[in-house]
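Letter by letter, the chains look like this.
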Amino acid sequence: MNNLNSIFTNRNNWLNKIHFDPILLFLVSILSIFGLFILYSASGQSSYLIKRQLIFLLAGFVVMITISQADTFFYKRIASTFYFLTLILLGITLLIAEPINGSKRWLNLYFFNIQISEFMKIALPLFIAVYISNYTFPPKLIHFFITLIAVLIPVFLIFLQPDLGTSIIVAISGLMVIFLAGLSWKVILSTLGSIAAIFPIAWNFILKDYHKQRILILFNPEADLYGSGWNTIQAKTAIGSGGISGKGWQEGTQGQFDFLPESHTDFIIGIIAEELGFIGVSIFFLLYILIILRCLSITYSANNSFDRIVSGALTSILFLYVFINASMVSGMLPVVGIPLPFVSYGGSSIMSLMIQLGIIMSIGTHTKFSPEEF
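If you're wondering where the values come from, they're calculated on a predicted model, not measured in any experiment.

*Asks:* Requested: an account of the packing of helix α5 (residues 117-133) against helix α7 (residues 164-180), with residues and values cited.
*Replies:* One can describe the packing of α5 onto α7 by two numbers: an axis separation of 9 Å at closest approach and a directional angle of 20°. One way to sum up the angle between α5 and α7 is to call them roughly parallel. Crossing of α5 over α7 shows right-handed handedness. Facing S117, M120, K121, L124, P125, I128, A129 and I132 of α5, the residues of α7 in contact are T166, I169, V170, S173, G174, V177 and I178.

Written as structure tokens, this is what we have:
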């Protein structure tokens, strides 16, 4: 009996040493499982894509749990190396990557392609958070300008791929750290005013013709019914035809007959709406809300500035993924190619999101061992 008690005691001690958030793990698992069912329908019942997505998810969960074992001092030490390594890989991608659909976004590692820009969404906030935490809060104007340079360099490289959607997410991920660090509202409003002022210049000299077309088509998709407006019109049709309860799993016409392009990636929420209706979409959004609320709870509980701003910035990225994708598919924002987290097909996106959640878990489970401030 004593030996049996000893075995259970050792088992419990071993489990207590594993750092993970069971609530967050459960919610992401449920969302991922639901996502596999939707992906199976959206991909035309492709067992190949499902097997690959399942591998991505399982590998992602392993990475998430592994990442959460390290404390935040570890991430503070590697932040600069992570940022500059990712920056170099972005440059290499532009130089040697084979164009896919006109974009040089994926670096071929022989066994699989990896989208380096997805990992800049993590590297940039960590790098800026480390830089700012070395000074007093709120950050001074000089620190804002230095971090702005650190943001603009990767954003420019990603824009050149070209990938407008990811460049916007990366920019916000970096600037969100400055905002959470307590940057003066005067500086924030001045920056927004400057962006508005240079928009005409960007429109005439920076944005490409297809970028402009996507923005213009937002206000009148029917103006190019079989061209730029096709995706938006088909997505709206799928959403509207689903009604309250949907047409049934694998019974949607827009997705099953390939009227909705990219239905297994960027526009997969249209499949959810058509086949599962308002009820199905609400369940998915509820899961996202619960995940984000749990991440915000961890952010609020963090007991030092570095942990709070990193967790807050990474949580905001997850929110932006969901918000931009849903707004894009419903015709409220231009089509910019942002996947739906844990549901859309794609390994780099899943791995990036799992790393983000792993860092947030690390902050939540190691916070009691952290000093009050550093």
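*Asks:* Account for the environment of P341, with residues named and values stated.
*Replies:* In this fold, P341 is placed in the loop between α13 (305-329) and α14 (347-366). For P341 and T265, which are 76 residues apart along the polypeptide, the C-alpha to C-alpha distance reads 10.0 Å. If sequence neighbours within four positions are ignored, P341 has contacts with L31, Y288, L318, Y321, V322 and L353.

*Asks:* Could you give me a rundown of unusual backbone geometry, with the residues and numbers involved?
*Replies:* In this model, Q161 is joined to P162 through a cis peptide bond whose omega is -5°. Note on placement: P162 falls in the loop between α6 (141-159) and α7. Non-glycine residue Q45 carries a positive phi angle of around 60°. For Q45, the position within the fold is in the loop between α2 (22-42) and α3 (47-69). With a relative accessible area of 30%, Q45 lands in the partly exposed category.

Cut-offs used in this document
Residues numbered from 1 in each chain as written. Predicted model: local features only at pLDDT ≥ 70, side-chain atom pairs only at ≥ 80, totals over all residues. Heavy atoms only, no water. Axes fitted to C-alpha atoms, helices over the stretch in contact; angles between N-to-C directions. Helix = DSSP H or I, 4+ residues; strand = E, 2+ residues; numbered from the N terminus. Parallel < 35°, antiparallel > 145°, perpendicular 65-115°, else oblique. Left-handed = near helix turned anticlockwise from the far one by under 90°. Contact = heavy atoms within 4.5 Å. Buried < 20%, exposed > 50% of the residue type's maximum accessible area, 1.4 Å probe, protein only.

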